[in-house]
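Chain residues, written in single-letter form:
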Amino acid sequence: MIIISGVLAYLMGSVTFGMIVPKLMGSDRDVREEGSGNVGATNVLRTMGLLQGALVLAGDLLKGVAAVALGSALAGPNGAAAAGACALLGHCYPVYYGFKGGKGAATGGGVVLALFPKSLLIMLPVFLVVILITRMVSLGSILGALTLILCVLLFQPPAVVAAVCLFAMTMVVVKHKDNIRRILNGTENKLW
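Summarised in this report is the structure supplied together with it. (Residues numbered from 1 in each chain as written. Predicted model: local features only at pLDDT ≥ 70, side-chain atom pairs only at ≥ 80, totals over all residues. Heavy atoms only, no water.)

Here we look at the packing of aromatic side chains
So, point 1. Going through the model one piece at a time under the given rule, you end up with one aromatic pair.
So, point 2. Their ring planes at 80° and their centres at 6.2 Å tell us that Phe116 and Phe155 sit as a pair that is edge-to-face. Here Phe116, found in the loop between α5 (105-115) and α6 (120-134), pairs with Phe155, found in helix α7 (residues 137-155); they are 39 residues apart in sequence, far enough to count as distant.
So, point 3. Judged by relative accessible area, Phe116 falls into the buried class, the value being 5%.
So, point 4. Residue placement shows Lys175 over the ring face of Tyr93; its charged tip is 4.5 Å from the ring centre. (Phe/Tyr/Trp six-rings, centres within 6.5 Å; stacked < 30°, edge-to-face > 60°. Helix = DSSP H or I, 4+ residues; strand = E, 2+ residues; numbered from the N terminus. Buried < 20%, exposed > 50% of the residue type's maximum accessible area, 1.4 Å probe, protein only. Lys NZ or Arg CZ within 6 Å of the ring centre and 35° of its normal.)

Re the pattern of salt bridges
When the charged atoms of two side chains with opposite charge come close together, those side chains can pair.
So, point 1. Enumeration according to the criterion identifies five salt bridges in this entry.
So, point 2. Residue Glu34 is joined to Arg29 by a salt bridge in which the shortest nitrogen-to-oxygen separation is 2.7 Å.
So, point 3. Arg32 serves as the salt-bridge partner of Asp30, at 2.8 Å between the closest nitrogen and oxygen. (Salt bridge = Lys/Arg side-chain N within 4 Å of Asp/Glu carboxyl O.)

A word on helix α2 (residues 17-24)
So, point 1. Of the positions making up α2, those classed as buried are Gly18, Met19, Val21 and Pro22.
So, point 2. Phi turns positive one or two residues past the end of α2, at Gly26, with a value near 90°.

Describing the environment of Val174
So, point 1. Tracing the sequence through the fold places Val174 in helix α8 (residues 159-175).
So, point 2. A residue is classified by how much of its surface remains accessible, and Val174, at 43% relative accessible area, is partly exposed.
So, point 3. Val174 sits 70 residues away from Gly104 along the chain, and the two C-alpha atoms are 9.8 Å apart.

Coordinates in, geometry out; function isn't part of it.
Here it is in structure tokens:
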């Protein structure tokens, strides 16, 4: 059942709200051809507006939570962990869109919320404060993800949860490699 959980979660993660929401809102624009070219909530916010950006953020977050819940129902705690990792893979490399997806921050956040909610006590303030100070969502996402190392050390979740959280952190940081380069060069886009 763990394999079934993982496959279903990957397919759930591959549902790309950054492509779906604009279409449902009547737009014929392709977010991949505008702004940063990313299908995540930040690019949708910048190119399509606040409402669509918020809907994409909510959808991406909730699919992470839903995948973990599905994995838990089908195969218990190990199924939940496997499903969380597979949902994040699906978001970053969606089968429906040629394996070119988002950067994983919102979906990874949903997975972490469902598996390891204590971590949000530290991660969410870091994410928000960094954005407020720097106006860079990418830097907030990266530093929020890196905060998972501290959370794992402080709260010591079960090993399988710790492994998935560290996998999520790695995926988010790796998917932001171009942002890291722009941050270091001083050319990263700011939120406002």
